[in-house]
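Remarks on the overall topology
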Amino acid sequence: MTQNASDIARAILAAHSARFDGHPAAAFDGFSSDAPVYRGAREACARLGFIAIDSECVARAWQAQTERLGHFDAAQWPADPRDFGLGSFPPAARANSFPPCPIALGLYAVLPDAAWVGRMARAGVPTVQLRFKSDDPAAIAREVQAAVEAVRGTSALLFINDHWQLAIEAGAYGVHLGQEDLDALTPAEVQQLRASGLRLGVSTHGYAEMVRADAVSPSYLALGAVFPTTLKKMATAPQGLARLHGYADLMRGYPLVAIGGIDMDRLPQALAAGVGSIAVVRAIVGADDPEGAARALMARMQQGMR
Ligand SMILES: Cc1ncc(COP(=O)(O)OP(=O)(O)O)c(N)n1
Ligand SMILES: Cc1ncsc1CCOP(=O)(O)O
Ligand SMILES: [Mg+2]
């Protein structure tokens, strides 16, 4: 029988090391509780390479799971929203949730300007995002308006990255915000965005960020970066498929989007984790034939979803 923290850490590592391989052990910065399952899980998560805030989250969830079940089960990686202190599931049924979006957003093209948005909407991509990076407020406002006009007459759902107020004014379908974007909003601004009726998607890069995102009950969660990406410098290492499976198990009540380094070859593996959407940038924008690439990615998604 497993009794102390060291035994618990060993049992967790024996059960999960093989699938969570490929991450170097993380620095261990101490315990915040004396509970043995928490302590053992905290140590094991650091050895499995989870960053400190994620180790803390999983270890606390493992302690909560043990108390809820009445026994410690090393095989059962925590995946119950109650053990993470999340809101009620499904999140869309919460009184304060953002408006729902389809559980499967399908192929999700993240695009650098309105012209690209129009091209991919006309090519039949079901979900598109304007990710226009500029310091020029007038150019940003023009591009947001142009993107909204570019999807008219198509069935594409348009999310605007970062510029939530412009997205509301222009009448986009939704907004995508990162953790820092969300942190910059006051509670009144979050309320303004919620009251606008636009959908909200939030970026997450691990357990702690998923818990943080859940507090605003967004319309979808993006999980990344799954694989290495050269598109932007990421603050966290690529998560890999095993973690993606763990995140999707926990957050399965949300529409989920996997992002980061996904291409034709990797798409089926990412989809198999249980997400309903795959977001790509370079697999479309960097292709010789972007419309053809989008069609091929959509066909592969269809195969994977059967
Ligand atoms: C679908 C999707 N997922 C993640 C991101 C990244 O958003 P964010 O963290 O705000 O970073 P920037 O894109 O603003 O650099 C995204 N845009 N879309
Ligand atoms: C914006 C963003 N957020 C997480 S990964 C990523 C970039 C994804 O780009 P690519 O599909 O080209 O790797
Ligand atoms: Mg952003």
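Criteria and cut-off values
- As a convention, each chain's residues are numbered from 1 in the sequence order in which they are written.
- Chain letters and ligand numbers both follow the written order, the letters beginning at A and the numbers at 1.
- With pLDDT at 70 or above as the cut-off, local features in this predicted model cover only qualifying residues; side-chain atom pairs require 80 or more to be listed or tallied, and sums for whole chains, interfaces and linings still use all residues.
- Helix and strand definitions here come from DSSP, where helices need a minimum of 4 consecutive H or I residues and strands a minimum of 2 consecutive E residues; each element is numbered from the N-terminal end.
- The burial label depends on the number of other C-beta atoms within 10 Å of a residue's C-beta. Counts of 20 or more mean buried, 12 or fewer mean exposed, and intermediate counts mean partly exposed, with C-beta atoms placed from the backbone.
- Two strands are counted as paired when DSSP detects at least two bridges linking them.
- A crossover counts as right-handed when, viewed with the strands pointing away from the observer, the path leading from the first strand over the helix to the second turns clockwise.
- All residues are tested the same way: a C-beta atom is placed from the backbone, and lying within 6 Å of a molecule or strand makes the residue near it.
- Gly is placed with the polar residues, together with every amino acid not listed as nonpolar (Ala, Val, Leu, Ile, Met, Phe, Trp, Tyr, Cys and Pro) or charged (Asp, Glu, Lys and Arg).
- Known as pLDDT, the predictor's confidence for each residue is given on a scale from 0 to 100.
- Lines are fitted to the C-alpha atoms to define the axes, a helix being fitted only along its stretch in contact, and any angle between axes, read from their N-to-C directions, falls within 0 to 180 degrees.
- By definition, residue pairs are in contact when their C-beta atoms, positioned from the backbone, come within 7 Å.
- Segmentation of the chain into domains, including their bounds, is taken from an automatic or database domain assignment.
- Here the expected length of a helix is defined as 1.5 Å per residue gap, with one fewer gap than residues.
- Each C-beta atom gives one direction from the helix axis, and the arc is the one those directions make.
- Defined on buried residues, the nonpolar core groups Ala, Val, Leu, Ile, Met, Phe, Trp, Tyr and Cys residues joined through C-beta atoms within 7 Å.
- UniProt positions are given in the numbering used here, feature names are shortened, and annotations may be inferred rather than shown by experiment.
- When describing relative orientation, an angle under 35 degrees is termed roughly parallel and one over 145 degrees roughly antiparallel, while 65 to 115 degrees is termed roughly perpendicular and anything else oblique.
- Helix crossings get a hand from a simple test, with the near helix turned counterclockwise from the far one by less than a right angle marking a left-handed crossing and a clockwise turn marking a right-handed one.

Remarks on the environment of serine 155
The residue serine 155 is located in the loop between helix H5 (137-150) and strand S3 (157-161) in this model. Put simply, serine 155 and arginine 122 are 33 residues apart on the chain and 8.8 Å apart in space, counted from C-alpha to C-alpha.

What to know about the pairing of strand S2 (residues 127-130)
Residues Thr127 and Gln129 point to one face of S2 and Val128 and Leu130 to the other, with burial holding for every one of them. Note: strand S1 (residues 106-111) against S2, 4 bridges, orientation parallel. By the bridge assignment, valine 110 is partnered in S2 with glutamine 129. Between the parallel elements S1 and S2, the chain passes through helix H4 (residues 114-122) in a crossover that is right-handed. Of the strand pairs in this sheet, S2 and S3 are connected by 4 bridges, and their pairing is parallel. Among the inter-strand pairings, valine 128 is bridged to a residue of S3, identified as leucine 158. Of the crossover connections in this fold, the one passing from S2 over H5 to the parallel S3 is right-handed.

Quick notes on the site of ligand 1
Close contacts around ligand 1 come from 18 residues, with Gly178, Ser203, Ala222, Ile259 and Ala279 the closest. Put simply, the parts of the chain that give the shell around ligand 1 at least two residues each are S1, strand S4 (174-177), strand S5 (199-204) and strand S7 (256-259). Class assignment for the residues of the shell around ligand 1 results in 7 nonpolar, 7 polar and 4 charged.

Structural notes on the confidence of the model for the protein
When the pLDDT values of the protein are averaged, the result is 96; 99% of them are 70 or greater. The complex prediction reports pTM at 0.97, with the ipTM value standing at 0.99.

Considerations on the sheet that holds S1
Taken in spatial order, the 8 strands of this closed barrel run S1-S2-S3-S4-S5-S6-S7-S8, and their pairing is parallel. Each strand axis lies, on average, 25 degrees off the axis of its neighbour in the sheet, ignoring direction. Packed onto the sheet, H5 meets S2 and S3 and runs at close to 170 degrees relative to S3.

A closer look at the domain arrangement of the protein
Each assigned domain of the protein is listed here: domain 1 (5-84) and domain 2 (91-305). Taken together, the 13 residues of domain 1 in the interface contact 11 residues of domain 2. A class-by-class count of the residues in the side of domain 1 that touches domain 2 yields 9 nonpolar, 2 polar and 2 charged.

Considerations on helix H1 (residues 5-16)
Between its first and last C-alpha atoms H1 spans 16 Å; for 12 residues at 1.5 Å apiece the expected length is 16 Å, and the two agree. Of all the residues in H1, the buried ones are Ala5, Ile8, Ala9 and Ile12. The buried side chains of H1 occupy one side of the element, clustering within an arc of 100 degrees when seen end-on. Where H1 is buried, its residues touch helix H2 (36-47).

As for the nonpolar core
Ala109, Val117, Met120, Leu158, Val257, Ala258 and Ile278 are the most contacted members of the largest nonpolar core, which has 99 residues in total. If one sorts the elements of this core by residue count, H2 sits on top with 6 residues. Shared between two domains, this core takes at least three residues from each, and those domains are domain 1 (5-84) and domain 2 (91-305). Excluding residues that lie within four positions of it along the chain, methionine 120 makes contacts with Ala109, Leu111, Val125, Val128, Ile284 and Ala294.

Side note on the UniProt feature "binding site: Mg(2+)" (unreviewed entry) in the protein
Residues given the UniProt feature "binding site: Mg(2+)" (unreviewed entry) here are Asp162 and Asp181. In sequence the annotated residues extend across 20 residues, while in space they remain close, none of their C-alpha pairs exceeding 6.8 Å. Structurally, aspartate 162 is set in the loop between S3 and helix H6 (164-170).

Brief notes about the packing of H1 against H2
Relative placement of two packed helices is described by the angle separating their axes and the distance separating the axes. At a minimum axis distance of 7 Å, the contact between H1 and H2 shows a crossing angle of 45 degrees. Taken together, H1 and H2 sit at an angle that is classed as oblique. Classified by chirality, the crossing of H2 by H1 is right-handed. Where H1 abuts H2, its residues Ala5, Ser6, Ile8, Ala9, Ile12 and Leu13 lie against Pro36, Val37, Arg39, Gly40, Ala41, Glu43, Ala44 and Arg47. Its residues placed into classes, the contact of H1 with H2 shows 9 nonpolar, 2 polar and 3 charged.

Remarks on the packing of H2 against helix H3 (residues 52-69)
Closest axis-to-axis distance for the H2/H3 pair is 8 Å, and the angle between their directions is 145 degrees. The two elements H2 and H3 meet at a crossing, and its hand is right-handed. Contact residues: H2 offers Val37, Tyr38, Ala41, Arg42, Cys45 and Ala46, while H3 offers Ser55, Glu56, Val58, Ala59, Arg60, Trp62, Gln63 and Thr66. Of the residues that constitute the contact of H2 with H3, the class distribution is 8 nonpolar, 3 polar and 3 charged.

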